[in-house]
Amino acid sequence: MMLLFEFRKSFRSWLNFTIGLLLTFTIFASFFDFFREDAALMDQLLQNFPEEFRAAFGFANVNLSEVEGYLSFIISYIVLVGAVYGMKLGVGLLSAEPREKTSDFLLSKPVRRWEIVAAKLEIALILLVAQALALFTLGLAEIKIIIKQPIDVGIFALLVFAMLLVQLFFLGIGSVVAAAASKIKSIMPVALGIVFFFFIIELVNESLHLKELTYLTPFAYFKGSSILTLRHYEWPLLAIDLTIFVVATGLSFWIYQRKDFHAV
Amino acid sequence: MNIYLREIKANFKSLLVWSATMVFLVLAGMMKYSAFQKTGEAVNAMFNQMPAGILAVMGISADQDLTSVGVFYSIFFLYFLLLMTVHSSMLGVTVIAKEERDKTADFLLVKPIRRSCAITAKILAAITLVIAYNLVTFISSAMIVKPFNDTGTSLTGPIFYLTSCLLVIQILFLGLGLLFGALARTSEKASGMATAVILGTFILKILIDLKADLDYLDFLTPFRYFKAIDVMYKQEISIPYVILSVVLAGTAMAGTYWLYQKRDLHS
C-alpha cells in the first residue's frame, strides 16, 4: 500500500526528470558530428599546454573527437541533472508528511516507523535504477541512430551507472537532511543548493587541481576520463561513495525512529 | 512595510547560509593561488611565442598576465553564477508561492491592502535580499583577494564591475522565479520550472563553449552574457545584454502582478 502510494506520488517527477535527462543526452549526442572537427583541431593545439592550464580554462583532458571521449566528457553534465533528481527524491520522501501535515495519519497506521523509511527508500531505489536503465537502453539506441559509430558498450554502461552511484550519494544525504529537519517547507531550494555546492567544489577541484577536494565531492568519484583509461571505477572512491550511502541511510532510519513529529 | 519586514525576516536565515557558502568558496579558491601562479609562469612564456590570432580565438589578449590574481579570480565567475541563479530564482518562487504552500493566503488577503501592494512589498524584499547577497560577494571577494594581490593596482574596481554583472543576472533570475511562483499551481511546480531553466541554460552554455560557431545563441543563456576577463580588464560590460536582462526581469515582474491579481488563491 505504502509502496504503491509513494510510487504514484513520485511518478510524475520521475518522468519529467527522465525525459529531461534523455533530452540533454540527445542534444549532446546530436552535436557530436558538429564538434568533431573543431575538437580534433583544438586537441592538437592544446597538446602543447601544461595540464594545469588546460584544466583551469575548462578544456577536457580527453579526446573529444572520439565517441567514447566525447561521451565521457558530457556525462558529467548528465550526472549533474541526475544528481538533482537523486537529491530531490532523498529530501522529498522523508519530509513529505511533516510538510503536508499528515504525519499523524501516517504514523497511526499499524506499521513500524522503520518500515515506513524502508518503503520510501525502496521506492527511491526502484525509481533511480529504472532511470539509469532507461538512460542506458535509450541512450545506446540514440548513439546507434544519431552518432552511427561503434562504441564500447561496457564503457557506456560504466558511465551511465556512475550517475546512479552519484544519485545514491545524494539520496543518502537528502534523506538524512529530511529526517533531521523538523520541517522542510520546500524541497527544491534545499536540493538544488546542496547539489550545486558539491558541483562547484568539483569545478574548483578540476580547475585548480586540488587533490584533497576529490574526497569531498561525489562528482569527482566517477570521472569520465578515469573510467575511460581504467575501464573500471576507482575502487577506493567507489567504496567511499557506497559507505556514505549506507551510513547516511542507516542514520536516517535511526533519526526517524526517534523523531518527535508534530501532530496537527 | 510589515510584509516587507516579514519577508526579510523569513528569508534572513537562508541568506546567512548562502553567504557563508559564498565566503567559504572564495576563501578556499584563493588558498590555491600560489600553485596556480607557478604553473602559470610557464604558460605565460609560451603565450608570448604564439600568434595573436590563436590567442584571440581563446579569448585571451596577448598582453595579459595569466598568472595575475585578477585572471585567477575571474575563473570564479562561473561558480558565482551557479550559486546566485539558484539563490535568486528559488527566492523569487518562495516569496510568491509561500502563502499558498503554508496555507496562509487567506490570512494575507483579509488584511486591508491590495494584492498589488502585497506583491510590491514581496518583490522589494526579494530585491533587497538579492542585493545583500551581492554585497556579501563583493565585500568578501575584495577583502580576500587583497592580500594575494602583489601587482600594485587595486582589484576592488574590477571586482565591483564583475559583481555588478552578477547583480544583473540575479535580478533576471529573481524575475523568472517570481513569474513561475505566480504562474504555477503549486510551489513545487514553480521551483521545478526554475530548476529546468537553470539546468537548461547551463547546458546550453556548455554546448556553446564547445562549439564557438553557436555564439549567436548567447542571448538564450545568461551564463554567457558577460565574459569575466573582459568585464574586469576592459570594463567591457555588454550593454545589450544588460538591457535584455532588465527588460526580461521587468516583463516577468509585470507578469507576476498580472497573474497574481487574477489568481484564485487556495486557502
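Going by the structure above, here's the rest.
A quick note: this is a predicted structure, and the numbers were derived from the prediction, not measured. (Residues numbered from 1 in each chain as written. Chains lettered and ligands numbered in written order. Predicted model: local features only at pLDDT ≥ 70, side-chain atom pairs only at ≥ 80, totals over all residues. Heavy atoms only, no water.)

The next subject is the overall build of chain B. Secondary structure summary: chain B contains 11 helices and 0 strands in total. The linear arrangement of helices and strands in chain B, starting from the amino end, is α-α-α-α-α-α-α-α-α-α-α. Looking at the 267 residues of chain B, the share that counts as buried comes to 52%. Entry remark: accessible area of chain B is about 12100 Å², with carbon and sulfur atoms responsible for 67%. (Helix = DSSP H or I, 4+ residues; strand = E, 2+ residues; numbered from the N terminus. Buried < 20%, exposed > 50% of the residue type's maximum accessible area, 1.4 Å probe, protein only. Areas by Shrake-Rupley, 256 points an atom, 1.4 Å probe, with all protein chains shown as cover.)

A few words on helix α1 (residues 2-31) of chain B. Its 30 residues give α1(B) an end-to-end C-alpha distance of 43 Å, which sits within 8% of 44 Å, the value for a rise of 1.5 Å per residue. If you look at α1(B), its biggest bend is around 45°, right at B:F12. (Expected span 1.5 Å × (residues − 1). Bend = angle between axes of the 7 residues up to and from the residue.)

Our next topic: the side chain of A:K120. Residues and elements named next belong to chain A. Locating K120 in the fold gives a position in helix α6 (residues 113-147). On the accessibility criterion, K120 (2% relative accessible area) is buried. Apart from the residues lying within four places of it in its own chain, the contact partners of K120 are E6, L93, L94, A96 and E97. (Contact = heavy atoms within 4.5 Å.)

Residues and elements named next belong to chain A. Among the nonpolar cores identified, the biggest contains 169 residues, and F196 and F219 are the most heavily contacted of them. Among the elements that line this core, the one with the most residues is helix α4 (residues 67-100), at 19 residues. For F219, the contacting residues outside a window of four places in its chain are V79, L80, A83, V166, F170, V195, F198, F199 and E202. (Core = buried A, V, L, I, M, F, W, Y, C linked by side-chain atoms within 4.5 Å.)

Time to look at the pattern of salt bridges. All names here are of chain B. Within this structure, the stated rule accounts for 15 salt bridges over all chains. One salt bridge in this structure joins E7 and K122, with 2.9 Å as the shortest N-O distance. A residue pair is termed long-range when its members are at least 10 positions apart, and E7 in helix α1 and K122 in helix α7 (residues 115-145) qualify at 115 residues. For E7, a relative accessible area of 2% puts it in the buried group. By relative accessible area, which is 1% here, K122 ends up buried. Linked through salt bridges whose partners overlap, the residues forming this network are E7, K98, E99 and K122. (Salt bridge = Lys/Arg side-chain N within 4 Å of Asp/Glu carboxyl O.)

Attention now goes to the packing of helix α5 (residues 77-101) of chain B against helix α9 (residues 187-210) of chain B. All names here are of chain B. Where α5 contacts α9, the two axes come as close as 9 Å, and the packing angle between them is 165°. Put simply, α5 runs roughly antiparallel to α9. Viewed along their axes, α5 and α9 form a crossing whose handedness is right-handed. On α9, the residues touching L78, L82, T85, V86, S89, M90, V93, A97 and R101 of α5 are S187, A190, S191, A194, T195, I198, F202 and K205. Of the residues belonging to the contact of α5 with α9, the class tally is 10 nonpolar, 5 polar and 2 charged. (Axes fitted to C-alpha atoms, helices over the stretch in contact; angles between N-to-C directions. Parallel < 35°, antiparallel > 145°, perpendicular 65-115°, else oblique. Left-handed = near helix turned anticlockwise from the far one by under 90°. Nonpolar A, V, L, I, M, F, W, Y, C, P; charged D, E, K, R; others polar.)

This brings us to the packing of aromatic side chains. Two measures describe an aromatic ring pair: the distance that separates the ring centres and the angle between the ring planes. Residue and element names in this part refer to chain B. Per the counting criterion, the structure on display carries 32 aromatic pairs over all chains. Plain terms: the ring middles of W18 and Y133 are 6.3 Å apart, the flat faces sit at 70° to each other, and that makes the pair edge-to-face. In this pair, W18 sits in helix α1 while Y133 sits in helix α7, placing the two residues 115 residues apart along the sequence. Its guanidinium or amino end placed over the ring of W258, K262 lies 3.9 Å from that ring's centre, counting from NZ or CZ. (Phe/Tyr/Trp six-rings, centres within 6.5 Å; stacked < 30°, edge-to-face > 60°. Lys NZ or Arg CZ within 6 Å of the ring centre and 35° of its normal.)

Residue and element names in this part refer to chain B. Between the first and last C-alpha of α5 there are 34 Å, a value that for 25 residues agrees with the 36 Å anticipated at 1.5 Å per step. Residue V95 marks the point of greatest curvature in α5, where the axis turns by about 40°. With respect to burial, α5 is a largely interior element, 25 of its 25 residues being buried. Downstream of α5 by a residue or two, K103 has a phi angle that is positive, lying close to 55°.

In short, shape yes, function no, at least from these values alone.
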